[in-house]
Amino acid sequence: MNTTPHTSSSPLATALATAKRPLILDGAMGTMVQSYGYREAVSDLLCLSHPEVILDIHRRYLAAGADIIETNTFNAQRISLTDYHCEHLVRDINLAAARLARQAVSSFVTVPSGSPEGFSSSPRFVVGSIGPTNKALSMSPDVSDPALRSLTFDDLAAAYTEQMTALIEGGVDAFLIETIFDTLNAKAAIYASEEAMQATGRRIPIMLSVTISDAAGRTLSGQTLDAFLVSVSHANLLSVGLNCSFGAEDMLPHLRRLRAAISPVTSPNSTPVTSPVSTPGVFGGSAAESRPFISAYPNAGLPNQLGQYEETPALMAEHIRPFLTEGLVNIIGGCCGTTDEHIRAIKQTVEALSPSANNDSNVPSSSVKPSAPLSILHFPLSITLSLSGLEPLFLTPEVGFINVGERCNVAGSRKFLRLIKEKAYDEALSIARQQVEDGAMVLDINLDDGLLDTRTEMCHFLNLLAAEPDICRVPFMIDSSNWEVIRAALRCIQGKAIVNSISLKEGEEPFLSHAREIRRLGAAVIVMAFDEEGQATTYERRIAICQRAYRLLTEQAGFPPADIIFDPNILSIATGMPEHDRYALDFIRATAWIKENLPGAHVSGGVSNLSFSFRGNNYIREAMHAVFLFHARQAGMDMAIVNPATRVTYADLPADQLSIIEDAILARREDAAERLTELAEDISTAETPAPSVSSDSSVSSDSSVPSVSTRLITALRRGITDTLETDLAEALTQYPRAVDIIEGPLMEGMNLVGQLFGEGKMFLPQVVKTARTMKRAVEILQPHIEAQKAAQDSGNSGISGKSGKTGHSIKSPRVLVATVKGDVHDIGKNIVSVVMACNGYEIIDLGVMVPAEVIVQKALEVKPDIIGLSGLITPSLEEMVNTVRLLKEAGIHVPVLIGGATTSRLHTALKIAPVYGGPVIHVKDASQNAPVAAQFLNPETATSAQAQLQEEQAALRDEAASSTPLVSFEEARRQKPHIQH
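Quick summary incoming for the structure in this document. In this text, all values refer to a predicted model and were calculated from it rather than measured experimentally.

Analysis parameters
Residues numbered from 1 in each chain as written. Predicted model: local features only at pLDDT ≥ 70, side-chain atom pairs only at ≥ 80, totals over all residues. Heavy atoms only, no water. Helix = DSSP H or I, 4+ residues; strand = E, 2+ residues; numbered from the N terminus. Buried < 20%, exposed > 50% of the residue type's maximum accessible area, 1.4 Å probe, protein only. Contact = heavy atoms within 4.5 Å. Disulfide = S-S within 2.5 Å. Pairing = 2+ DSSP bridges. Right-handed = clockwise from strand over helix to strand, strands pointing away. Patch = residues over 30% accessible without salt bridge, like charges linked within 9 Å, V, L, I, M, F, W, Y side chains within 5 Å. Areas by Shrake-Rupley, 256 points an atom, 1.4 Å probe, with all protein chains shown as cover. Salt bridge = Lys/Arg side-chain N within 4 Å of Asp/Glu carboxyl O. Lys, Arg positive; Asp, Glu negative; His and termini not counted. Charge placed at Lys NZ, Arg CZ, Asp CG, Glu CD. Axes fitted to C-alpha atoms, helices over the stretch in contact; angles between N-to-C directions. Expected span 1.5 Å × (residues − 1). Phe/Tyr/Trp six-rings, centres within 6.5 Å; stacked < 30°, edge-to-face > 60°. Polar contact = N/O pair within 3.5 Å; in protein donor to acceptor, adjacent residues only side chain to side chain. Parallel < 35°, antiparallel > 145°, perpendicular 65-115°, else oblique. Left-handed = near helix turned anticlockwise from the far one by under 90°.

Some details on the overall build of the protein chain
- Secondary structure summary: the protein chain contains 35 helices and 27 strands in total.
- Taken across its 981 residues, the protein chain has 58% of its residues classed as buried.
- In the protein chain, once contacts between residues fewer than 6 apart in sequence are set aside, the share between residues at least 24 apart is 76%.

The structure is reproduced here in structure tokens:
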């Protein structure tokens, strides 16, 4: 992307900046062509068939006083010309048109001897006319199929690139992308202009002109004028303005709205020209260096019943007078129905009101203080974050905080995932609609799932959303870990979206490449605090990564600071692991640092991550979110992905609960996590009856005294170690071998913990506490296991999977764990490692972003008993497939455990297991890894466990294969039966 302002050195930009009056644009080409008696469907063809006519029209406009003339190329791209089988003439038409206009202008830049009236020594300019085509990227051509599009963004951009390349080569001074009725079409043209300039090696300014379709001030695709301006504010614009649709009289209020949105001005009587709504200047408010010039070229009134424009030159000139006296425009001209006589009348009015023609100090310069062109490098740091759907969203002090709806996320909402998989799009749309009704100001959309064609589903759903004005009035957040999905999604959105997210995990080059493309496509960006070393979990790492990313984005990628949103990683607290206790506090501290040290940048985060340890207890989770947001917002947090319908607020919390939760979030006490867990357990117990536990034949005859096995199961479930030694000593008198205690009540307790955790009746810190209790029990029993082994001189008393029944022995079973290549998340993997280590397993942790080849090499070296692959993002799923395939090729067949947020039983059965030679087991929760591993490592249970796994996975594959795939509406129509009568 261009990072050098190309308009500041442009002759046209210089002329606009130094002019004492608005420059005059020419009038309608089509109207003039008709006056010559030509009725061609595409007047652009006259550039080749009758160039003398086009040349004469240009000269007539120049003689009338036009400073700027447009090339005769409004429809000269292959999308429009294909309708007339003339697409092969695109380059010829545009080259000819630019050269004709250039030829006309060249004779008007000097004053020949005896020159006729109308010749002038002032410079004249040629702008390349770029029309909108007759197709829309944001709207369906078929009312019965709202997701259908006539063409793609890439097709339109390619067509525009071809046209613009020829126009540059023909010598135009600027591009005029005009009569914009669909902002996404305009964004495609802006994107193409950069392609054309790179291809030719010549930079020229870009001018935009939008057409309003109704009195309310919306485009045909539904955007308000302010939303349109936000959507194109990423472009390096010379000017922005209005044309067509209305006569000057009806255009006036919209032009006032345009000027107020770009920069407030003052009328002659010192009355501010204000917006009907209180919004900041889209292009920077008072910062003149960031504002484009303003243009207007209305029709000659409204057409009559015969489609003719009847407004006379004198009347039109009178109607544009307020444009001049209020200082609303820098460029003024005519559109449909205007001729050279209309331009002459406008020129006379402009000159009559210019300071050079009238010394009355009460008559202002018609352009007031000329604005300078917009430059992406000169956004003042005070500009606020601006987003748009059909309507704009400005992060002003009055707005304060942006709620991002979280439910259109397949990873966070099982219902939404099910609806997308079932193609129940109407119901999926209702989820989006409900979030907007509940107060979501932005919608987070995530369709990353291993069993979905994510790119196709994302584009389809976005196209459906575009047909729902009550939903798409708000901006969208494109949430994906797949770059190609993000790139495709941005090509479906006419508004200004947020990309969630990019990071430095793959280094600076991919980071900058992605950032530049996001900027070219007109979106803001969330930057996660990740780098090549992985996820930042400490305060120091968070701020270091954010500072590095900020400098890269602002200094090398041309990003305005206001469009940079940092997510310094909201991570789970109260997990039972002390190193996690400061995660929330460090996020809050990092937020305050970012706001103080990275001017203009914003802070966001996914709040639900904070309370993952307490899933299943909605009250505690919502209470934690409310407290966290209260403190994070005070530190400067600007937005968050939350449930907009949350019922718990900070003010609602009882003082005792608030104190406990704040202690945990702000890390004010060493026992804060434990006290929060107890609070969650108390609330959960009040809502859910305590689960029953099974017992064996050793239950005491006195039913009021629990058996030792029951006491051990209860101790394990509650994570209590106080009575372990006494209970285990008693158990040793009742069980033949020490290992039988592990295989019996202790393993039964661990299975119960896994069940309760899966049902949401236990929390992660409780699971970790349970694992540590299990570790302590094994340590107590280990001497007895060794003594019995020595006495029996046998290798059958352990549980290693090699020498014993369940894997417990002097030699611990070895587990190789890794987060696969492309993924830097390791919190879940680390928790699994702790839980398994507490259950007697030796952990070999390769870390994050581990290539498949490294995993295979390490497996061959250490010969693990089991391998654990972790991944949180969708691309991880494909990398897991690649990893097990390479393991098989290396002759490795040990059990592989698959875990992570995007993984599933179905994906594991369909995609991963079939390419491996050994068992591949999907493990949903951290608590289940140890019991599952024990099943597959115990010689007495491994065979049956593997047979059961194969049966389950075969059933899943059969079920998936038997499901009738749905086809598109168009395909269904093509497949309809043809019945002959």
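Okay, back to it.
Here we look at the state of the cysteines
- In total, this model carries 0 disulfides according to the counting rule given.
- Between Cys 335, a free cysteine, and Cys 336, which holds the nearest cysteine sulfur, the sulfur-to-sulfur gap is 4.1 Å.
- The thiol of Cys 459 is unpaired, and the distance to the nearest cysteine sulfur, on Cys 492, comes to 3.6 Å.

Considerations on the pairing of strand S3 (residues 125-130)
- The buried fraction of S3 amounts to 6 of the 6 residues, a majority that puts the element mostly inside the structure.
- When strand S2 (residues 68-70) meets S3, the two strands line up parallel, connected through 3 bridges. Considered in S3, the bridge of Ile 68 is made with Phe 125.
- Handedness of the crossover joining S3 and strand S4 (residues 174-180) through helix H7 (residues 153-170): right-handed.

A word on a negative patch on the surface
- On the surface, Glu 674, Glu 678, Glu 681 and Asp 682 cluster together into a patch of negative charge.
- Position of Glu 674 among the secondary structure elements: in helix H24 (residues 672-687).
- Residue classification places Glu 674 among the partly exposed residues on the basis of a relative accessible area of 45%.

Topic: the sheet that holds strand S26 (residues 896-899)
- The sheet built from 5 strands is open, its strands ordered S24-S23-S25-S26-S27 with parallel pairing. One side of each edge strand has no neighbouring strand; the edge strands of this open sheet are strand S24 (842-845) and strand S27 (920-922). Averaged over all pairs of adjacent strands, the angle between strand axes in this sheet comes to 25°, irrespective of strand direction.
- As paired strands, strand S25 (residues 866-870) and S26 are joined by 4 bridges and run parallel to one another. Residue pairing for S26: Gly 868 is matched across the bridge by Leu 897.
- The strands that helix H30 (residues 852-862) touches are strand S23 (814-819), S24 and S25; relative to S23, the one it contacts most, it runs at about 170°.

Observations regarding the pattern of salt bridges
- Tallying each qualifying case throughout the model produces 43 salt bridges.
- A salt bridge links Arg 60 to Asp 340; the nearest nitrogen and oxygen atoms lie 3.3 Å apart. Residue Arg 60 is found in helix H4 (residues 51-64), and its partner Asp 340 is found in helix H13 (residues 340-353); the two are separated by 280 residues along the sequence.
- With its nearest N and O atoms 3.3 Å apart, the salt bridge here joins Asp 563 to Arg 519. One end of the pair, Asp 563, is in the loop between helix H20 (539-555) and strand S20 (564-567); the other, Arg 519, is in helix H19 (residues 508-520), with 44 residues separating them in the sequence.

Structural notes on the sheet that holds strand S21 (residues 602-603)
- Strand order in the open sheet formed by 8 strands is S21-S20-S17-S16-S15-S14-S13-S22, and the pairing between neighbours is parallel. Bordering the open sheet on either side are S21 and strand S22 (639-642), each of which pairs with just one other strand.
- Relative to strand S16 (residues 498-502), strand S15 (residues 476-479) runs parallel, the two sharing 3 bridges. By the bridge assignment for S16, Met 477 is matched with Ile 498.

Examining H19
- Compared with the 18 Å implied by 1.5 Å per residue over 13 residues, the 18 Å span of H19 between its first and last C-alpha is a close match.
- Turning to H19, its buried residues are Phe 511, Leu 512, His 514, Ala 515, Glu 517, Ile 518, Arg 519 and Arg 520.

A look at unusual backbone geometry
- Here the residue pair Asn 500 and Ser 501 is connected by a cis peptide bond, since its omega of 15° sits within 30 degrees of zero.
- Note that Ser 501 resides in strand S16.
- Backbone geometry places Thr 179, a non-glycine residue, at a positive phi of 50°.
- Here Thr 179 shows up in strand S4.
- The phi dihedral of Ala 574 falls on the positive side, at around 55°, and the residue is not glycine.
- As for its position among the elements, Ala 574 is in the loop between S20 and helix H21 (583-597).
- On the basis of relative accessible area, Ala 574 is assigned to the buried category, the value being 2%.

Some words on the packing of aromatic side chains
- Within the structure shown, the criterion is met by 4 aromatic pairs.
- When the ring of Phe 153 is compared with that of Tyr 191, the centres are 5.8 Å apart and the planes differ by 75°; the resulting orientation is edge-to-face. Here the residue Phe 153 occupies a position in helix H7, and Tyr 191 occupies one in helix H8 (residues 183-200), the gap between them amounting to 38 residues.
- Of the residues examined, Phe 153 reaches a relative accessible area of 4% and is grouped as buried.
- Given the relative accessible area of 8%, Tyr 191 is considered buried.
- With a centroid separation of 3.8 Å and 10° between ring planes, the pair formed by Phe 630 and Tyr 650 is classed as stacked.

Re helix H18 (residues 483-490)
- The element H18 is extensively covered by neighbouring structure, given that 6 of its 8 residues are classed as buried.
- Within the sequence span of H18, burial applies to Trp 483, Val 485, Ile 486, Ala 488, Ala 489 and Leu 490.
- Taking the backbone nitrogen of Glu 484 as reference, a side-chain oxygen 2.9 Å away marks Asn 482 as the first, capping residue of H18.

Re the environment of Met 164
- Tracing the chain through its elements places Met 164 in helix H7.
- Each C-alpha atom, one on Met 164 and one on Met 197, is 8.3 Å from the other, the two residues being 33 residues apart in sequence.
- Residues within four places of Met 164 in sequence aside, it is in contact with Ile 130, Phe 175, Ile 177, Ala 189, Ala 192, Ser 193 and Ala 196.

Things to note about the packing of H4 against H13
- Axis separation between H4 and H13 bottoms out at 8 Å; the angle between their running directions is 20°. The angle between H4 and H13 places the two elements in the roughly parallel class. Viewed along their axes, H4 and H13 form a crossing whose handedness is right-handed. Of H13, the residues touching H4 (which contributes Arg 60, Tyr 61, Ala 63 and Ala 64) are Asp 340, Ile 343, Arg 344 and Lys 347.

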